[in-house]
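Geometric and topological summary
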There are 4 protein chains.
Amino acid sequence: MALTESELISLRRDLHRRPEPAWCEFYTTARLATALESRLDLDALHVGPDAIAGDHRMAVPDEAELARWYDRAREAGVDEAVLESLEGGYTGLVAVLERGEGPTVGLRVDIDGLPVEESDDAAHEPAAEGFRSEYEGAMHACGHDAHATIGVGVLERIAESEFSGTLKVFFQPAEEVVGGGKSMAKSDHIRDVDHLLALHIGLDHPTGEIVAGIDGFLAVRHLEAEFTGQSSHAGGHPEQGKNAVQAMATAVQNLYGIPRHNDGATRVNAGVVEGGTAANVIPEEARILAEVRGETTELMEYMHSKARHVVRSAAEMHECTVEFSIGAEAPSATSDQELVDIVADVAGRTEGVERVLERDELGGSEDATFLMQAVQENGGTACYVGIGTDHPGGHHTPTFDIDEASVAHGIDVIAGAIERINQRGF
Amino acid sequence: MALTESELISLRRDLHRRPEPAWCEFYTTARLATALESRLDLDALHVGPDAIAGDHRMAVPDEAELARWYDRAREAGVDEAVLESLEGGYTGLVAVLERGEGPTVGLRVDIDGLPVEESDDAAHEPAAEGFRSEYEGAMHACGHDAHATIGVGVLERIAESEFSGTLKVFFQPAEEVVGGGKSMAKSDHIRDVDHLLALHIGLDHPTGEIVAGIDGFLAVRHLEAEFTGQSSHAGGHPEQGKNAVQAMATAVQNLYGIPRHNDGATRVNAGVVEGGTAANVIPEEARILAEVRGETTELMEYMHSKARHVVRSAAEMHECTVEFSIGAEAPSATSDQELVDIVADVAGRTEGVERVLERDELGGSEDATFLMQAVQENGGTACYVGIGTDHPGGHHTPTFDIDEASVAHGIDVIAGAIERINQRGF
Amino acid sequence: MALTESELISLRRDLHRRPEPAWCEFYTTARLATALESRLDLDALHVGPDAIAGDHRMAVPDEAELARWYDRAREAGVDEAVLESLEGGYTGLVAVLERGEGPTVGLRVDIDGLPVEESDDAAHEPAAEGFRSEYEGAMHACGHDAHATIGVGVLERIAESEFSGTLKVFFQPAEEVVGGGKSMAKSDHIRDVDHLLALHIGLDHPTGEIVAGIDGFLAVRHLEAEFTGQSSHAGGHPEQGKNAVQAMATAVQNLYGIPRHNDGATRVNAGVVEGGTAANVIPEEARILAEVRGETTELMEYMHSKARHVVRSAAEMHECTVEFSIGAEAPSATSDQELVDIVADVAGRTEGVERVLERDELGGSEDATFLMQAVQENGGTACYVGIGTDHPGGHHTPTFDIDEASVAHGIDVIAGAIERINQRGF
Amino acid sequence: MALTESELISLRRDLHRRPEPAWCEFYTTARLATALESRLDLDALHVGPDAIAGDHRMAVPDEAELARWYDRAREAGVDEAVLESLEGGYTGLVAVLERGEGPTVGLRVDIDGLPVEESDDAAHEPAAEGFRSEYEGAMHACGHDAHATIGVGVLERIAESEFSGTLKVFFQPAEEVVGGGKSMAKSDHIRDVDHLLALHIGLDHPTGEIVAGIDGFLAVRHLEAEFTGQSSHAGGHPEQGKNAVQAMATAVQNLYGIPRHNDGATRVNAGVVEGGTAANVIPEEARILAEVRGETTELMEYMHSKARHVVRSAAEMHECTVEFSIGAEAPSATSDQELVDIVADVAGRTEGVERVLERDELGGSEDATFLMQAVQENGGTACYVGIGTDHPGGHHTPTFDIDEASVAHGIDVIAGAIERINQRGF
């Protein structure tokens, strides 16, 4: 028997309480595995290393960080066997439902949280209702708790439906660092998918609004730069230092000053910086974790090339060396019109949906694009759907929250579209 | 019986192996307590909270940091009773030797290490000889291991001498963050000190060279600035962010650009910076731990005032708020001529000493100045002595090391000067 | 009798040889007046103060600059009476041809040059053919010489045609500083215009290509900031200075770092900067002439507001004051579909035109938008046409040049469209 | 008959009214020539090209600037023959008085003004008394008008005295750009000078105070950097530009951030900057005129080397090229004790002098050091004397002015010292 609506909301709140960053979704993965197995008669449930191509993971944190979250998951009390299989940061799941002849339809949802400290303001519903994040400095500030819940809900709905064919739901880790999409796109599970749906909640669309096909994914790349200079006593011999923090600050100032491009939107962010060891030591080391984006891959490459050049020159200026590493990346992608038409039609008939937009631009990045590309290159079709929700704070901010009514909209629209795909028989 | 020279060298190497940062000198304090009690018939040994005025400690690290080093000290195996008395970062010792009528002479040595990763190059003697730091990212890179050893050696030498009066050796914690001097200067122990000696090894003077009186202490103040802006999604809504890292970078660039001053030397260093949480989030928070110095207190205040103004304007520019806190500070000071004359004369007669400079400038900062000021304000005299040592790398760098022969020079010159003070009867 | 094609080319080359900056088009205006009067039976020719609303001129240079160009024009030998009427920077013309009943059609062309030093490379045709700019540091680097020539050619073509109605050609000064469009839009001459055409040559479209309707005009505003600090002797008292150049440099760095905006394209440029008086004086004054742009007026206002804030904070940081002045501005605008259709159709039938694009984005700014807005607000229609030309160097660069064959394309397409408008009778 | 005191004050005020920048001292040179010839029976008066080694002039302005000042001098009405001899920027004089056997004593005074706009405040005496600068943006803001006057006064006093030997007064051009000292030091006139005096008024010493020997001349070098990038349309193709103004701003920010040096005082100033041509063009060119100083030549070289490195890296960062040129420079120097003793003694006996300091630090630069070095290298002695004067504003500021009473102090002390040198016969 399927979860009731309130059970699904309970699941969402449980996930919300324990947001885990990229590749550390130990609790989340194990909790979803348990929920799926206890309720559904799945044909296959691939967990952790079986769900992804481990070699293609990007932006995996260091062992200490992995261990810290692994321990927390154990303390939170999850299935030990599942947990152990995830060790080392092999998270995520692929749930498979086989229902006879018919197309293989994929649904991709992401499951990771963000390094944002959740608001404890009384006006913030998770705080008021007691399901605020239990982990300091971590938060589901982008709605992936709802995405995972919708994934479960769609599986149940299809299990009870007349759907004929195969449904695969990809619970993808590490979207926030655009580090997980590639590892799922390189796994075998995607190979036979004929039609792929992906979704995102919110995106400044209110509850009751559905965007049938989202485009405008900015291509993105993460770039880490480590500066090495030379320390010296800041009082006694400032002239002997090679100041890595001066290099870093010069780089930051000029990264944001990379010229805008006439061909389309670009982005740059020095998202994490750090350097130095003590007030009285000229800093020997500093680090920038930056990201660049572009409306096209070419524009992203333009930003990447300029960013490296700026960083290299800033290091040179302060007589430091610099080493780069690429953290993660994602391409751009486009929603196919056939699927957009289906989603738009289904959404227009869905209860609670008041407005359907055929297309909108994301204006951000998403590594669902890796999976979309993989399916499209195999001759299939893909579509990225927006599920409106009233969200008090912006995405990635401490007061982000969803209107839980939109979870049902998501399940209805996506499950409805999957059935319709089946009926169309294409 | 006194420690032999090789026992002293063993002590120095043992301390070198376990460098502990400011207020975390748990092993060091306990180790020194054991060494002093086992060998010397002290009249008093004040340890930890009894050695300092705890309320006047500055720049104490957070509890987690204190706990980490406390645990390490316990694992290294020290006297548990002593260790427990230090809990919470109350480190340091005052050792007292009473030898009848006569002046009270003080000697101040400092005992803390630095957050520098020690070289493991074969040419670096501690690495070659097996007494390199056991603690990653921590190092005795300024010779305080030698200072503490000289303190012990002087106590032993005076214990065996004809000295009549009282000798107090102040083993001061937290010099590197200029956080400990004030707490010793505010303790009762300094009140009856008539003449104070302090010392430093190295300072670009070779083995065999002694500087009788060092001046030119730069007044110093540590300043922490915490920027708060507003996070937003770096791809989706860069315009909604208030970028704390841009504010910080602008501040760093302009801090180093504070005008030089015609009245004398000034310094500024943004020694530690950090900010942001993820590549794809406009950074909401950033932090600078800076220090300013001046040849006089006025010049330091000039730098401090300018630095705050720069930081405040940088925050304002990027629509961030900023909060300041003062970390620690130390005044300037001067060596008294009477003591300089004594030290110069004694040094000239000391075996192994080939050259005596009457005066030199430190060109750095030192919170021994708090103790010197306290004694001088009570009508006493103070003198800061330089003990030359060949050091391959500069102070505060990974290849700093001492020529161990200079430990004996330090003991000979300081102990000799204490005896001479006694003879002069002033 | 109309000018032959080679006479038109001679006119273009004559104008090319004497490029004059905004509001200094003394030679150009007088030369065009003479050319028009000698060849055409105009019904009216409004020159200088009669052609524009003088109070609405923006970005007029100072008197010395005006006088310098005025004198040059006199030396070049133009009609003294016309020249005198232009004194003080009242340039431009409106030529009127009345041909009985029918619509009033306007054509707007711009006539000013740029402060760019023209290439003297042998590969640069104006250099090779001897019509390179005679004025150091000034150049027709954006094709306005061709625009003015097309304006003359269209007048002649219509004069000889069956056109019934009124044709007004607006020879607009000061487009490059977006300073002249408003003064023509505020003059009485625009009030009765039913349909307005404007044009630009080049824009990265090759010879033989026509863009029927250009959109994507970036709204623009020019902003001047004058910093005042305090001078002092750079060697003797650097600490007494309030360094206006440091303020300016900090502002420039952060102006280019204003966050990109999710709602669309933005631009910022610190196009002219200067400051200081001597190497050994801390600079007391500095200046930035900047411009901001936005895909919409709101985006331009966002950039303007951020830019002022950055500049104000940079001044504050370096204890300087700053005064702002707005130089000039232009709104956005859109080409009406009715006219786009006409132009596209005519262009498709024009000899030498090989490719017609219905729409393209300018991605720059233009103050023709003031005239377009004025006509559209009066219930009329407007259209901005692109005339392709092979141009070796980019617009605003020293090697910009046109393929003179495109002058004929411009005349053919625009005159043809005007006749068609007349036929359609709308 | 010598000039009366009021005549000397008139001369000073006349010079004050017509301040001329480096190498443009046409009026000043001609005016001094006339004054000297009309009043004194000189043995030789070398003017312009005869006074200096023209090839060693540094920092000569361009021809247009020279011509502008030359024309002004002619308009002001000076001896045409003298004026013509100065054409091209060969300014300055050497006046020679031969009085039989005895030492050759030199006195060096400088004569140029500064690019500072003089205050017109009523509290500013030159404004109130009607001798404020007649030239916009030029001012005697460092007292060289008084220096020249003292030079004349000393010649007269010695002419009337018992002095036996030769007196040469060097009226040196172009001190403010440290461009003239070398050309006088390389001329033949300095070769036989046995003892050289130089002087400066003010320097924060009040009226009635004399500094017998000034030291602490900062070695200085002027450095010009010209950046070349690539222009492009700021709205249409910002990505095609190579922004020379961004390079310049990055360089300025980091020039001021060159680390302070433990060996002594350093200075850096980006005194003049400029770049760009129009608001809507990405700037192709930019320029910095900077100076670096050091307490020693080594420190100046340290700053110079760092400054070039910063500028080169900033150019590289923004894909610009940069060309350097050295503008001018001056070494350090020391006053000889023998002369200091004489000056101190004479000053102590001079009417109106209330306080004599034996030594003080200049803390600035001066190219008198070239002449001092030349004399000292020939075995002679040199001394730089400070003549106190109450000055309301600082040197190089719009309200700088002198207390005219100090002109007499200067003449008395210097002439007295010259006579004493003669008596001492050394």
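All of these numbers come straight from a predicted model, not from anything done at the bench. Position labels on residues start from 1 in each chain and follow its written sequence. Each chain is given a letter, starting from A, and each ligand a number, starting from 1, according to the order in which they appear as written. Since the coordinates come from a predicted model, pLDDT governs what is reported: local features require at least 70, and pairs of side-chain atoms require 80 or more to be given and counted, while whole-chain, interface and lining totals use all residues.

Quick word on the domain arrangement of chain A
Residue and element names in this part refer to chain A. Entries for chain A in the domain assignment read domain 1 (5–217 + 332–424) and domain 2 (219–330). Each domain's extent is set by a domain assignment, obtained either automatically or from a database. With centres defined by C-alpha atoms, the gap from domain 1 to domain 2 works out at 33 Å. Taken together, the contact pairs twelve residues of domain 1 with ten residues of domain 2. Note on residue categories: nonpolar means Ala, Val, Leu, Ile, Met, Phe, Trp, Tyr, Cys or Pro, charged means Asp, Glu, Lys or Arg, and polar means any other residue, Gly included. Grouping the amino acids of the side of domain 1 that touches domain 2 by side-chain chemistry returns five nonpolar, five polar and two charged. Two residues form a contact once the distance between their C-beta atoms, set from the backbone, is within 7 Å.

Examining the interface of chain A and chain B
Contacts between chain A and chain B engage 52 residues on the former and 52 residues on the latter. Going through the elements one at a time, β7 (219–228), α8 (244–255), β8 (266–275) and β9 (285–294) of chain A are the ones with two or more residues in the side of chain A that touches chain B. Per element, the largest residue contribution to the side of chain A that touches chain B is eight residues, and it comes from β8(A). For the side of chain A that touches chain B, the class distribution of residues is 22 nonpolar, 25 polar and five charged. Direction of pairing for β8(A) relative to strand β8 (residues 266–275) of chain B: antiparallel, over a ladder of three bridges. Among the inter-strand pairings, G275(A) is bridged to a residue of β8(B), identified as V273(B). The secondary structure listing takes helices from DSSP runs of H or I that are at least 4 residues long and strands from runs of E that are at least 2 residues long, numbered from the N terminus. By the convention used here, strands pair only if DSSP detects at least 2 bridges between them.

Points about the relation of the copies chain A and chain C
Copy one and copy two of the chain differ by a rotation about a common axis and a shift along it. The copies are overlaid by a least-squares fit using only the C-alpha atoms of residues whose pLDDT is at least 70 in both copies. Between the two copies, chain A and chain C, the superposition gives an RMSD of 0.1 Å; the rotation angle is 179 degrees and the shift along the axis is 0.1 Å. Taken together, the rotation and translation describe the operation of a two-fold axis. Considering only C-alpha atoms, the residue of chain A closest to the rotation axis is G257(A), which sits at 2.2 Å. The fraction of interface residues of chain A whose copies in chain C are also interface residues reaches 100%, indicating that both copies meet through the same surface.

Description of the sheet that holds β8(A)
Sheet architecture is open: eight strands sit in the order β10(A)-β7(A)-β9(A)-β8(A)-β8(B)-β9(B)-β7(B)-β10(B), paired in antiparallel fashion. Both outer strands of the open sheet, β10 (321–330) of chain A together with β10 (321–330) of chain B, are each paired with one neighbouring strand and no more. With strand direction ignored, the average angle separating the axes of adjacent strands in the sheet is 25 degrees. In terms of strand pairing, strand β7 (residues 219–228) of chain B meets β10(B) through eight bridges, oriented antiparallel. Note on method: axes are straight lines fitted to C-alpha atoms, helices fitted across the in-contact stretch only, with angles between N-to-C directions ranging 0 to 180 degrees.

Comments concerning the interface of chain A and chain C
Contact with chain A, which involves eight residues of that partner, is made by eight residues of chain C. Among the residues making up the side of chain A that touches chain C, the classes are represented as one nonpolar, five polar and two charged.

Considering the sheet that holds strand β6 (residues 209–215) of chain B
All names here are of chain B. With mixed pairing, the eight strands of this open sheet are ordered in space as β1-β2-β4-β3-β5-β12-β6-β11. Bordering the open sheet on either side are β1 (44–47) and β11 (355–361), each of which pairs with just one other strand. In this sheet, adjacent strand axes meet at a mean angle of 20 degrees when their direction is disregarded. The sheet contact formed by β6 and strand β12 (residues 381–387) spans two bridges and is antiparallel. Within β12, the residue paired with V211 across the bridge is G386. With respect to the sheet, helix α6 (residues 144–159) is in contact with β2 (93–99), β3 (104–110), β4 (165–172) and β5 (195–201), its orientation differing from that of β3 by roughly 155 degrees.

Brief notes about the environment of E5(D)
All names here are of chain D. Structurally, E5 is set in helix α1 (residues 5–17). Judged by the 14 C-beta atoms lying within 10 Å of it, E5 is partly exposed. In this structure the C-alpha to C-alpha distance between E5 and A405, which are 400 residues apart in sequence, comes to 9.6 Å. Comment: burial labels come from other C-beta atoms within 10 Å of the residue's own C-beta, placed from the backbone, where a count of 20 or more is buried, 12 or fewer is exposed, and between is partly exposed.

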